[in-house]
Amino acid sequence: EAQVTQNPRYLITVTGKKLTVTCSQNMNHEYMSWYRQDPGLGLRQIYYSMNVEVTDKGDVPEGYKVSRKEKRNFPLILESPSPNQTSLYFCASRPDYSPVLTFGAGSRLTVL
Amino acid sequence: AQSVTQLDSQVPVFEEAPVELRCNYSSSVSVYLFWYVQYPNQGLQLLLKYLSGSTLVKGINGFEAEFNKSQTSFHLRKPSVHISDTAEYFCAVTPSGTYKYIFGTGTRLKVLA
């Protein structure tokens, strides 16, 4: 089944403890991206990647890092999480020839 | 800069009644437009899209939307809603030829029995 898989789905952590949210897609998509969803703010783009080793900032990149070493994987790294990064995170991918995004199921992160 | 406005944060409607969820956007370049639906505790699922061609687009679950370039709108409609349509709906745009996606703040549709 064609899908985007995120892990973990739920995570509670403490301020300053580095964490990584993984994202993997099995559709051979060139483009992958990360979003955060907050009440009243909708989804905001954090980072995106057009292909392996090519990444760029979205609208809210502060406090996040990404890497794209393989086509299928696009992990989101929080080096020193803070409470304002408590949010619902979505990974999405799309092929080069279509602008339609396929989303993962989401990762709910709580930073205490 | 592009932006997307969904003026209605919540829309209550009775079952079998029609509904319209409004979406307006601003952009100085041509855009692709989308509506996504998010059911409770799930990811986003594509309802419909406008890429080019006919301005009236039909999607899944009986939804349709009309692209109005002069009014920069892409309103979502359904002639008769069901309880199962209760969800949050997001309008989104991406300027053609770019990798940026801009989402609206969402509209919670609550269908009442």
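Heads up: these notes are all about the structure in this document. (Residues numbered from 1 in each chain as written. Chains lettered and ligands numbered in written order. Predicted model: local features only at pLDDT ≥ 70, side-chain atom pairs only at ≥ 80, totals over all residues. Heavy atoms only, no water.)

**Quick look at the overall build of chain A**
Phase 1 of the analysis: Assigned secondary structure in chain A consists of zero helices and 11 strands.
Phase 2 of the analysis: Computed over its C-alpha atoms, the radius of gyration of chain A comes to 13 Å, within 12% of the 13 Å expected for a compact globule of 112 residues.
Phase 3 of the analysis: Here chain A holds 112 residues, and 54% of them are scored as buried.
Phase 4 of the analysis: Of all intrachain contacts in chain A linking residues separated by at least 6 positions in sequence, the fraction that spans at least 24 positions is 53%.
Phase 5 of the analysis: Accessible area for chain A stands at about 5200 Å²; split by element, carbon and sulfur atoms hold 51% of it. (Helix = DSSP H or I, 4+ residues; strand = E, 2+ residues; numbered from the N terminus. Rg over C-alpha atoms; globule rule 2.2 N^0.38 Å. Buried < 20%, exposed > 50% of the residue type's maximum accessible area, 1.4 Å probe, protein only. Contact = heavy atoms within 4.5 Å. Areas by Shrake-Rupley, 256 points an atom, 1.4 Å probe, with all protein chains shown as cover.)

**Considering the sheet that holds strand 8 (residues 76–78) of chain A**
Pairing between the strands of a sheet is mediated by backbone hydrogen bonds and can be parallel or antiparallel.
Residues and elements named next belong to chain A.
Phase 1 of the analysis: Ordered in space as 1-3-8-7, the four strands form an open sheet in which the pairing is antiparallel. A strand with exactly one partner marks an edge of an open sheet, and here the two such strands are strand 1 (4–7) and strand 7 (65–66).
Phase 2 of the analysis: Relative to strand 8, strand 3 (residues 19–25) runs antiparallel, the two being bridged by three bridges. Bridged to L19 within strand 8 is L78. (Pairing = 2+ DSSP bridges.)

**Points about the nonpolar core**
Phase 1 of the analysis: Of all hydrophobic cores here, the largest spans 29 residues; its most connected members are L33, W35, L47, L48, F74, L76 and Y89 of chain B.
Phase 2 of the analysis: Sorting the residues of this core by element identifies strand 2 (10–14), strand 3 (19–21), strand 5 (31–38), strand 6 (44–50), strand 8 (64–68), strand 9 (73–78), strand 10 (87–95) and strand 12 (107–112) of chain B as the ones contributing at least two each.
Phase 3 of the analysis: In contact with L48 of chain B, other than residues within four places in its own chain, are L33, F34, W35, V57, K58, G59, F63, E64, A65, F74 and L76 of chain B.
Phase 4 of the analysis: Counting residues in hydrophobic clusters, the runner-up holds 19 residues, among them V4, M27, M32 and V66 of chain A. (Core = buried A, V, L, I, M, F, W, Y, C linked by side-chain atoms within 4.5 Å.)

**Focus on the packing of aromatic side chains**
Phase 1 of the analysis: Enumeration according to the criterion identifies 16 aromatic pairs over all chains in this entry.
Phase 2 of the analysis: Between Y35 of chain A and F103 of chain B, the ring centres sit 5.6 Å apart and the planes meet at 75°, which makes this aromatic pair edge-to-face. Taken together, the residues span two chains, with Y35 of chain A in strand 4 (residues 31–38) and F103 of chain B in strand 11 (residues 102–103).
Phase 3 of the analysis: Taking the relative accessible area as the measure of exposure, Y35 of chain A reaches 0% and is therefore buried.
Phase 4 of the analysis: Ring geometry for Y48 of chain A versus Y99 of chain B: centroids 6.2 Å apart, planes at 25°, classification stacked. (Phe/Tyr/Trp six-rings, centres within 6.5 Å; stacked < 30°, edge-to-face > 60°.)

**Some thoughts on the interface of chain B and chain A**
Phase 1 of the analysis: Every contact between the two is made by 21 residues of chain B and, on the other side, 24 residues of chain A.
Phase 2 of the analysis: With both chains or domains summed, chain B and chain A bury close to 1700 Å², and 58% of this area falls on carbon and sulfur atoms.
Phase 3 of the analysis: Of all the secondary-structure elements, those providing two or more residues to the side of chain B that touches chain A are strand 5, strand 6 and strand 10 of chain B.
Phase 4 of the analysis: At four residues, strand 5 of chain B tops the list of elements feeding residues into the side of chain B that touches chain A. (Buried area = accessible area lost by both parts, 1.4 Å probe.)

**Here we look at the state of the cysteines**
Phase 1 of the analysis: Tallied over the entire structure, the rule returns two disulfides over all chains.
Phase 2 of the analysis: Bridging C23 of chain A to C91 of chain A, the disulfide has an S-S length of 1.9 Å. Taking the sign of the S-S torsion, about -75° here, the bridge from C23 of chain A to C91 of chain A comes out left-handed. Taken together, the residues span a long stretch of sequence, with C23 of chain A in strand 3 and C91 of chain A in strand 9 (residues 87–94) at a distance of 68 residues. You'll find C23 of chain A and C91 of chain A in the same group, each marked buried.
Phase 3 of the analysis: For C23 of chain B, the disulfide goes to C91 of chain B, at an S-S distance of 2.0 Å. Here the S-S torsion is close to -65°, and the disulfide linking C23 of chain B with C91 of chain B is therefore left-handed. Here C23 of chain B is found in the loop between strand 3 and strand 4 (24–26), whereas its partner C91 of chain B is found in strand 10, with 68 residues between them in sequence. (Disulfide = S-S within 2.5 Å.)

**Observations regarding the environment of D8 of chain B**
Residues and elements named next belong to chain B.
Phase 1 of the analysis: Within the element layout of this structure, D8 appears in the loop between strand 1 (3–5) and strand 2.
Phase 2 of the analysis: Remark: the alpha-carbon pair of D8 and R22, spanning 14 residues in sequence, is separated by 7.1 Å.
Phase 3 of the analysis: Not counting the four nearest positions on each side in its chain, D8 is found in contact with R22, G106 and T107.

The values are spatial; any link to function lies outside them.
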